[in-house]
Amino acid sequence: MEPNSVFSNTVLEGRVALITGGGSGIGLEIASQFGKHGAKVAIMGRRQQVLDAAVSYLESHGVEAIGLQGDVRKKDDASRVVNTVVEQFGKLDILVNGAAGNFLVAAEDLSPNGFKTVLDIDALGTFTMSHAALQYLKKGGQGKSSLEGGVILNISTTLQYSAEWYQIHVSAAKAAVDSITRNLALEWGTDYGIRTNGIAPGPIADTPGRSKLLPEESGLSEKDVTPFVKIGEKWDIAMAAVYLTSDAGKFINGAILVVDGGQWLSKPRW
Ligand code: HXC
């Protein structure tokens, strides 16, 4: 059973959020929790069927939701999707860049195009979506006061803090995402009143990332790979997202919140 939220269910009331990669995993849980805390949500993804199922799930939990098909790597898709959100809901307050690509491959077996593909989805996609959303997120943008802008939240990981087997492309891409977070926080925070923050999740149960990195057929568990790993829940990431995007986080800009139970710090006891 889902733990109780510590936030009031109106903490995001009146906000409109767009979540890329919102059709499954962490993105869908963020969309769901945003909705349960009062926001209207739009989810973006490449597969219409996945979006349709996710919208039905959100609606069954009383969330006002729309699904918009598009690829974050494509500038035209990014513009079309943000414009459609504003046409449908009147404004855009929160952009969550959650779309990501991942597969396990040794660096020597990874083609340059495979490397580029993940950089394109994660890093270029985060920039492309943020760039398209800027006109609506900035203070004085449609539905915004002249004092305060919207919020961007970028989802990265912790593996780029050190190194990770068979993840050179993801590690490089997520380091770029963290860099985008800090640079937009500086430029768009100063110029447009937009807060940009990040969440760096650790291993989270029941997500595409976990099943890709530790497929069931491997017969391994996290304990086999590294003995000190604790597994988080999608809910843990979504609560951090509610905190950072609501007024609870109104003085937080340029932060990347690690939500991993301390896993990336862990070392064997000696
Ligand atoms: C080696 C691979 C590969 C694999 C693709 N490529 N899969 N190389 N091993 N398993 C190479 C291809 O050979 C090709 O290079 C290039 O990548 C592009 O492949 P496409 O299939 O054309 O790309 P595309 O259709 O755009 O698909 C992108 C994808 C796919 C990343 C490969 O898996 C995808 O769309 N995933 C999105 C969903 C997803 O992965 N979600 C999980 C996110 S989890 P060549 O040279 O042959 O042309 C996450 C958590 C991270 O991010 C951290 C967890 C701790």
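Whatever comes next refers back to the structure up there.
Calculation rules
In this convention, every chain numbers its residues from 1, walking through the sequence in written order. The model is predicted, so local features are restricted to residues of pLDDT at least 70 and side-chain atom pairs to those at 80 or more, both for listing and for counting; the totals for chains, interfaces and linings are taken over all residues. To get the side-chain values, all heavy atoms of the structure are used, and hydrogens and water are removed first. In these notes, residues near a molecule or strand are those with any non-hydrogen atom within 4 Å of it. We define a polar contact as two N or O atoms separated by no more than 3.5 Å, with the added condition that, inside protein, one atom must be a possible hydrogen donor and the other a possible acceptor, whereas residues neighbouring each other in sequence contribute only through side-chain atom pairs. Residue exposure ignores everything except the shown protein chains as possible cover, and the areas themselves are Shrake-Rupley values with a 1.4 Å probe. Strands here mean DSSP runs of E at least two residues long; helices mean DSSP runs of H or I at least four residues long; both are numbered from the N terminus. The length a helix should cover is 1.5 Å for every residue beyond the first. Burial classes follow relative accessibility: with a 1.4 Å probe on protein chains only, a residue under 20% of its type's maximum area counts as buried, one over 50% as exposed, and anything between as partly exposed. In this analysis, rings of Phe, Tyr and Trp, with Trp reduced to its six-membered ring, are considered paired at centre separations within 6.5 Å, and the interplanar angle assigns stacked below 30 degrees, edge-to-face beyond 60, and tilted for intermediate values. Like charges are joined within 9 Å and nonpolar side chains (Val, Leu, Ile, Met, Phe, Trp, Tyr) within 5 Å, but only among residues with over 30% relative accessible area and no salt bridge; these make up the patches. Only one rule defines a salt bridge in this text: a Lys or Arg side-chain nitrogen within 4 Å of an Asp or Glu carboxyl oxygen. Here a residue-residue contact requires only that any non-hydrogen atoms of the pair lie within 4.5 Å. By the counting rule applied here, Lys and Arg register as positive and Asp and Glu as negative, while His and the ends of each chain are not counted. Should DSSP find at least two bridges between two strands, the strands are taken to pair. Here, the term right-handed applies to a crossover whose path from the first strand over the helix to the second runs clockwise when the strands point away from the viewer.

Colleague: Quick question: what am I supposed to make of the site of the ligand here?
Modeller: Around the ligand sit 16 residues, and of these R46, R73, S111, N113 and K212 come closest. Within the side chain of R73, an N or O atom sits 3.0 Å from an oxygen atom of the ligand. S111 places a side-chain nitrogen or oxygen 2.5 Å from an oxygen atom of the ligand. Relative to its unbound accessible area of 1100 Å², the ligand is 59% covered by the protein chains.

Colleague: Mind showing me how you'd approach helix α1 (residues 25-36) here?
Modeller: For an α-helix, 3.6 residues make a turn, and residues three or four places apart therefore share a direction. Between its first and last C-alpha atoms α1 spans 17 Å; for 12 residues at 1.5 Å apiece the expected length is 16 Å, and the two agree. With 11 of 12 residues buried, α1 lies mostly within the body of the structure. Buried within α1 are the following residues: G25, I26, G27, L28, E29, I30, A31, S32, Q33, F34 and G35. One or two positions beyond α1, positive phi appears at G38, with a value near 110°.

Colleague: Looking at this model, I keep getting lost on the packing of aromatic side chains. Mind explaining?
Modeller: The geometry of an aromatic ring pair is captured by two quantities: the separation of the ring centres and the angle between the planes. Under the counting rule described, the total for this entry stands at 2 aromatic pairs. Here Y161 and W264 contribute two aromatic rings whose centre-to-centre distance is 4.8 Å and whose plane-to-plane angle is 70°, an arrangement assigned as edge-to-face. Of this pair, Y161 sits in the loop between β5 (151-155) and α5 (168-192) while W264 sits in the segment after β7 (256-259); the two residues are 103 residues apart in sequence, bridging distant segments of the chain.

Colleague: Help me out: how do you make sense of a nonpolar patch on the surface in this one?
Modeller: A cluster of nonpolar residues, L104, W165, Y166 and L213, forms a patch on the protein surface that exposes about 440 Å² of accessible area. Here L213 lies in helix α6 (residues 208-213).

Colleague: Would you mind going over the environment of A78 with me for this structure?
Modeller: With respect to the helices and strands, A78 occurs in helix α3 (residues 75-89). The class for A78 is buried, based on a relative accessible area of 0%. Distance from A78 to N183, taken between C-alpha atoms, is 20 Å for residues 105 residues apart in sequence. Beyond its immediate stretch of four places on either side in the chain, A78 contacts T128, M129 and A132.

Colleague: Honestly, the side chain of E29 in this entry has me stumped. Any pointers?
Modeller: Along the polypeptide, E29 turns up in helix α1. No salt bridge is formed by the buried E29, whose closest oppositely charged neighbour, K234, lies at an N-O distance of 5.6 Å. Residues contacting E29, with those up to four places away along its chain left out, are E2, K234, W235 and A238.

Colleague: For this particular structure, what's the right way to read the pairing of strand β6 (residues 195-201)?
Modeller: Regular strands have side chains that alternate between both faces of the sheet. Of all 7 residues making up β6, 7 are buried, and the element is well covered by its neighbours. Side chains R195, N197, I199 and P201 of β6 all project onto a buried face; the interleaved residues T196, G198 and A200 project onto the opposite face, where all are buried too. Bridge count for β5 against β6 is 5 bridges, and the pairing is parallel. In the sheet register, L153 faces β6, and the bridge partner there is N197. What joins β5 to β6 is α5, and the crossover it makes is right-handed. Relative to β7, β6 runs parallel, the two sharing 4 bridges. Across the sheet, residue G198 finds its bridge partner in β7, namely I256.

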